[in-house]
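What follows is the residue order along each chain.
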There are 2 protein chains.
Amino acid sequence: MKTTVRELYKRMIDFDQKEVIIEGWLRNHRAQKSFGFMNINDGTFFETLQVVYEETKVNNYKALQKIGIGASVRVQGRVELTPNMKQPFEIKATAIELVGDSPEDYPLQPKRHSREFLREIAHLRPRTNLFSAVFRVRSLLNHAFHSFFQERDFVHVASPIITASDAEGAGELFKVTTLDLNDLPKTDDKTIDYKKDFFGKASYLTVSGQLQAEVFAQAFKNVYTFGPTFRAEKSNTTTHLSEFWMLEPEIAFADLEVNMDLAEAMTKYVIAYVIDRAPEEMQFFDRFVEKGLLSKLQNVVDKKFQRITHKEAITLLKEANQVFENEPKYDSDLATEHEKFLVKHFNSPVFVKDWPKHIKAFYMRLNDDQETVAAMDLLVPGAGELIGGSQREERIDLLRKRMQEMHVDEDELWWYLELRKYGSTPHSGYGIGFERMLMYLTGVENIRDVIPFPRTPKHCDF
Amino acid sequence: MKTTVRELYKRMIDFDQKEVIIEGWLRNHRAQKSFGFMNINDGTFFETLQVVYEETKVNNYKALQKIGIGASVRVQGRVELTPNMKQPFEIKATAIELVGDSPEDYPLQPKRHSREFLREIAHLRPRTNLFSAVFRVRSLLNHAFHSFFQERDFVHVASPIITASDAEGAGELFKVTTLDLNDLPKTDDKTIDYKKDFFGKASYLTVSGQLQAEVFAQAFKNVYTFGPTFRAEKSNTTTHLSEFWMLEPEIAFADLEVNMDLAEAMTKYVIAYVIDRAPEEMQFFDRFVEKGLLSKLQNVVDKKFQRITHKEAITLLKEANQVFENEPKYDSDLATEHEKFLVKHFNSPVFVKDWPKHIKAFYMRLNDDQETVAAMDLLVPGAGELIGGSQREERIDLLRKRMQEMHVDEDELWWYLELRKYGSTPHSGYGIGFERMLMYLTGVENIRDVIPFPRTPKHCDF
């Protein structure tokens, strides 16, 4: 019976003494004089399967001994529980067939490889322990987000990737064009004639689906977008990608408190979801990538998140018995050292809310004090900011005023303003960078190592 | 108690005579001399909620009468089952509060609007019956795909959106750049100096995640990608978008038959999933968009899909008692009229497999006859081709030969070739256009009406 390594591990007792067929890749191979061991990974499970083959039991022993690491094989044999050994069971092979060999220059020989080197062979790195764990957890986290929102009847919205708006001002934009760059059409005043471009105007890659999500929240009440977003910043750091995935829920008839309730419930749900479904991978991260990872995460699941205003946070920092490199100020953003202090102080995730309006985006709702906006950042122990959100300005006059102050083009966002003209509601939402959450969940320190094929300045390979 | 229209409909008996609070938008409003009716949609459910208010029971009767269609309101009142009326229950209001009014120029007054007009107000169209149904079903279909693959332990792969490869040749590409088009850097020979561009080389929007999915299938066995893809073709048809979502599973140790098994199981699963979870929306489509839709879909769920070779299909067409505009030929593609004949002939979905190699892509596996490749198209009654897939060429020499014949750049796809060098396996996969599937599922005839903000030549709005 053909089966998978996952099935064998999950129901090993059922399989004891049964004949099975397994197809997978050789992770390790030790050939002795009259018997050999193969460690097979078939991609369905983190752990490998040990296969023992003996000269007297298989008919191609000499050929089998030469099979290289990385080769694909089909193994037939009997499952035997091995309670006294390292692995809980093994397969005693009766037949092994080479499917696709792997020559000696296979780059993933069983030794330590640097992550930099592995990035250069991104087409092979999913075959290593680390990346096998990272990308399975990535897939589970992806589904955890979808499941959380679907269970609550949120409507998923495919916000557009190509946009003609550069209104959000969230950083440098990638231009999208089909114009022939060697022969650009020009207008009479010698500028590019975008009327001749594919969309009849200049177009870009999106930086956020929030504004479009707001459209749908005003029809479906509870919605979320989840897709790729882009930043053309030349940031070469361990936390920046030019292309990354972002999750953005948006909820109508909901103020900032409801927004924080949702963010807290979601964060706890997705962490618990992944720990439950990838215990082997999470233990691997805890042992080899970030010691204490699982207790860090369990703390997030268990603790009630704190909620303090930006003002309270600054007061706390000022009164702290600690010298900061950056002086905490009531009219300024928090520095990383401030965030660290706060999560340590509370020993739990902390929402910081009600931020000075001049350091926040135009669409955030003005508080009654006229000085702050109903924005929130979620700070988590060991990572700093994980989520950023706000209640949106639903009062058309105030929104218009803010847009003017911040030089946001009204004509371009006519439709966004109309959401406030027809049946406007108090509404809120937040954004979470998917890869940042994944770094937090796995302990992996470089964002390039949690996305299959990272795009960063000067890097667009595979 | 605050609740939702969905909850009321799902558990109406529990709510009978209970006091509830509902927040939503006015879809319809009839004010009489001493009482009025409001139809409220709160976005959680397809049907509206009828609210009755009486002059003697509310304290702002005059003001309430003036509330416009599209306004947002908060209603408090008692649920009363109304078994003899059109709607199964209604709310007898005790208090109604206007949240956000909607002036008389609100474009969605209760009358028929053309779909062309509604496309121009894509920020409001989700508030109509049709688009409320379309976009909820879209969200469910999205999750149906994820759930099908996650339940089977497939790993989701985020294939990159920006790519430096134009190797697949699936049509015109969008260029992605941060170069200043008004001041382009040139090399010594006067061509664009892409070394100065963001990624240090020319880059594009992806047309498919398949090749990258193959990378992951060679590590995880069973994977899928699901994300936006792009075509810069100037096709102004009802079935083409410049930006659309594509689902692409890829499975290792699997031939074309296993591939077809997967496609068949998936198609049945997602249709049943949506019918089960959106009965009101699906009945609406069946009544008002495509008569017979539900029986068309049930037929797909119930029938075993036929499997015939391209050669058999052509023979069948040649022997048919029917004159075709396009003569069926053994070395040619099927025309739409041929596809229609075949699904009608079998009265079931049909896989057509083993296609002439010269009309198919370079990566498809050459059959032993040396003339055909192990490709398959799934044809479905009422739509034609829904899925296209193939077994991939896993033999490096044959792949290289096909790439040379078809002028595919080997240097660019060095990593794709290496998948055949290190532990190559027979593997297969297919692609399904998400919006085409959604059209099939809803009966909606224009692809612009199943995506929130369509991108087509000269159209990039909102």
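As a convention, each chain's residues are numbered from 1 in the sequence order in which they are written. Working convention: letters from A go to chains and numbers from 1 go to ligands, in the order in which they are written. Note on the predicted model: pLDDT of at least 70 is required for a residue's local features to be given, and 80 or more for side-chain atom pairs to be given and counted; whole-chain, interface and lining totals, by contrast, use all residues. Just so you know, side-chain values use all the structure's heavy atoms and leave hydrogens and water out.

What to know about the interface of chain B and chain A
Residue contacts are defined here by distance: any two heavy atoms, one from each residue, within 4.5 Å place the two residues in contact. Each side of the interface is counted separately: chain B has 114 residues, and chain A has 114 residues. For the pair chain B and chain A, the summed buried surface comes to about 9,100 Å²; carbon and sulfur atoms form 64% of the total. Buried area is calculated as the accessible area (1.4 Å probe) missing from two parts once they are joined, with the contributions of both summed. Looking at the side of chain B facing chain A, the largest losses of area belong to Phe198(B), Phe253(B) and Tyr422(B), adding up to 9% of the total buried there. Basic side-chain nitrogens of Lys or Arg form a salt bridge, by our definition, when they fall within 4 Å of a carboxyl oxygen of Asp or Glu. Our enumeration of links across chain B and chain A arrives at 8 salt bridges. Here Asp153(B) and Arg6(A) are joined by a salt bridge, their closest N and O atoms 3.9 Å apart. Between N or O atoms, a polar contact is any pair within 3.5 Å; within protein, one atom must be a potential hydrogen donor and the other a potential acceptor, and residues adjacent in sequence are included only when both atoms are from side chains. Remark: the boundary between chain B and chain A carries 43 residue pairs in polar contact (both at pLDDT 80 or more). Helical segments are the DSSP runs of H or I of at least four residues, strand segments are the runs of E of at least two, and each set is numbered from the N terminus. Among the elements that make up the side of chain B that touches chain A, the one with the highest residue count is helix α5 (residues 129–151) of chain B (12 residues). In the side of chain B that touches chain A, the residues fall into 54 nonpolar, 33 polar and 27 charged. Two strands make a pair as long as DSSP finds a minimum of two bridges between them. Note: strand β8 (residues 175–177) of chain A against strand β8 (residues 175–177) of chain B, 3 bridges, orientation antiparallel. Residue pairing across strands places Val176(A) opposite Val176(B), the latter belonging to β8(B). Residue polarity is assigned by list, with Asp, Glu, Lys and Arg as charged and Ala, Val, Leu, Ile, Met, Phe, Trp, Tyr, Cys and Pro as nonpolar; anything else, Gly included, falls into the polar class.

Regarding unusual backbone geometry
Not every positive phi belongs to a glycine, and Phe462(A) is a case in point at roughly 70°. By the secondary structure assignment, Phe462(A) is in the segment after α14 (434–442). With a phi close to 65°, Gln370(B) is a non-glycine residue in the positive phi region. In this structure, Gln370(B) sits in the loop between β13 (350–356) and β14 (372–380). Only protein chains enter the accessibility calculation, which uses a 1.4 Å probe; a residue whose area is less than 20% of its type maximum is buried, one above 50% is exposed, and one in between is partly exposed. According to the relative accessible area criterion, Gln370(B) is partly exposed, its value standing at 45%.

Comments concerning the sheet that holds β8(A)
Strand order in the open sheet made by the 6 strands is β7(A)-β9(A)-β8(A)-β8(B)-β9(B)-β7(B), with antiparallel pairing throughout. The open sheet has two free edges, formed respectively by β7 (162–163) of chain A together with β7 (162–163) of chain B, since each of these has just one partner strand.

Note that all results are geometric; they support no functional claim without further evidence.
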